[in-house]
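# Observations on the three-dimensional arrangement
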Amino acid sequence: MRKPISVPALAVSYHTPSNPTDPLRLRLLLGSHFAQHVRGKLETDKGFTCTVGISTNKLLSKLVGNSHKPKDQTTLVPPYTTSDGTTDNVTSFLDGHEVGKIPGIGFKLAHKLRAHVLQRRADSDADLVYGSPKENVLVSQVRQAPGLGADALEKILVSPGTPHGIGAKIWGLLNGSDDSEVGRARDVPRQISIEDSYMRLDTLDQVTKELLVLSKSLLKRMHADLLDDEDDVIKAYAFDDVEAAASKPISKRWLAFPKTVRLSTRPRPPLNPDGSRNRSFARISRSAPMPNFVFSLKETVDSLAKRLVVETFLPLFKKLHPEKTGWDLSLVNVAVTNMVDAASEKGGGVGRDIGKMFKRQDDVLRQWTVYDTSVPISGQKSEHDTEMAERVGDEGELGGARSATPKVAEVKMGSEDIPTPSQEEGFLLEDRWESEDEDMIDDDSYRCDECDAIMPIFAMGAHARWHAQD
DNA sequence: GTGGGGGAG
DNA sequence: CGTTCTCCCCCAC
């Protein structure tokens, strides 16, 4: 059952005299051990391979993680800073990247940066929207542009709506510095949306049809993503009596309630005098409170979708497009947002071990819950006009295949984030591994032969060396 | 809370 | 590779 998990043996060849107790080196080493552990576990448990980058912050880890796809890991090795005039590896690694390749620098910001470096401010650059720009501008060119720094960048990059301090942020990225936090995975998304694009959509009739299609799809997504389906558990529980299990009430509960619905469209830009058409991705939207009937588990998705279109989306559409005619939509999007967690646990431990988090759920749900059709709950002063009920048996047509995207944890050991000055090569390290043998306690824990300490496997190499020293 | 901008994958 | 679809965060109002 246990597959041999290899333990890393780093083939490190640093370009500077290496101090084995350098905290940076130790942390990178630990990071690469951990990455190896996670990758190995992901592959043996789930069959997915993945690529990982190891460095001191998200920016650098992510960038260096592009290096050895599809199933290797890469560590950006020291030196991260230099005191003499030589170039550190962070700088030389970053400098070769086109500005737009830096995570956080998207199409708009990259365009402004290129324009500044190339001195072609108001030029109708006509950068390609997708793909690589006509004229590549490297990070080194931006970093070395005369007079450029956080403050100058702030002025260059600001436009209505840009976050404050964007200059400092981008300057940081260009210098390998990134203090953004690693976020915890959420149990439910913040928003669910369905959209489609159209060659031509210019009558209310067509719009109504499309809204219905989109609404059905949205409702199904809500069921798939926001509904706690204990079907499997119940079936397993009554494994020996499938008939009984099937007739048992299936308890489906909403994990979260979106409070807002939103309708967005992308109007097709009017054609120019010369007959061409401007490319525009601008969207406009209107939103409204979520009507509570959508949480009903008794009505069919089809009937709910119709109600949703008539009662919510069409009115929103009229707010969005008051003119009866003259518009043509290239895209329509329907969304639900403002999720309110049904089981919101305070304190730590969010996101994991969802299993026993639902003690409170009855309280949260009470206002929406009706135990069966005939017995409405009295004395409710909530404005919710619709009911949910526990549902029996049948299974609608939910559960369309949704792919489970493997997610890999990123580790942040601390922020080094040192802006750096000056060139060299060979700063990437391909990790290599050999195997050792350990005492397995369970899937994740191992016991040290020497001191009986229990730890995850990725820590054992370092632990053994700790025993071996002096 | 609403509507828009920018970005990632 | 370019395009589409989905999701995220931030901002001003």
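Going by an unreviewed UniProt entry, chain A carries the name DNA/RNA polymerase and comes from Massarina eburnea CBS 473.64.

### A closer look at unusual backbone geometry
Backbone torsion omega between Lys69 and Pro70 reads 5°, so that peptide bond is classified as cis. Residue position: Pro70 is located in the loop between helix H2 (58-64) and strand S3 (73-76). Backbone torsion omega between Pro78 and Pro79 reads 10°, so that peptide bond is classified as cis. Along the chain, Pro79 falls in the loop between S3 and helix H3 (89-95). If you check the backbone angles, Asn338 has positive phi at about 60° while not being a glycine. Looking at where Asn338 falls in the secondary structure, it is placed in strand S10 (residues 329-341). Among the residues examined, Asn338 registers a relative accessible area of 43% and is labelled partly exposed.

### Describing the pairing of strand S8 (residues 256-267)
On a regular strand, one side chain projects to one face of the sheet and the next to the other, so that they alternate. The element S8 is largely enclosed, with a buried count of nine among its 12 residues. One ladder, built from 11 bridges, connects S8 with S10; its direction is antiparallel. In the sheet register, Pro258 faces S10, and the bridge partner there is Met339. Note: S8 against strand S9 (residues 284-289), six bridges, orientation antiparallel. When the sheet's bridge partners are listed, Arg262 is paired in S9 with Ser287.

### Some words on the confidence of the model for chain A
Predicted confidence across chain A gives a mean pLDDT of 72, with 61% of residues reaching 70 or more. The model gives residues 345-425 a pLDDT under 50, and that stretch makes 129 contacts with residues more than four places away or in other chains.

Calculation rules
- Residues numbered from 1 in each chain as written.
- Chains lettered and ligands numbered in written order.
- Predicted model: local features only at pLDDT ≥ 70, side-chain atom pairs only at ≥ 80, totals over all residues.
- Heavy atoms only, no water.
- Helix = DSSP H or I, 4+ residues; strand = E, 2+ residues; numbered from the N terminus.
- Buried < 20%, exposed > 50% of the residue type's maximum accessible area, 1.4 Å probe, protein only.
- Pairing = 2+ DSSP bridges.
- pLDDT = per-residue confidence, 0-100.
- Contact = heavy atoms within 4.5 Å.

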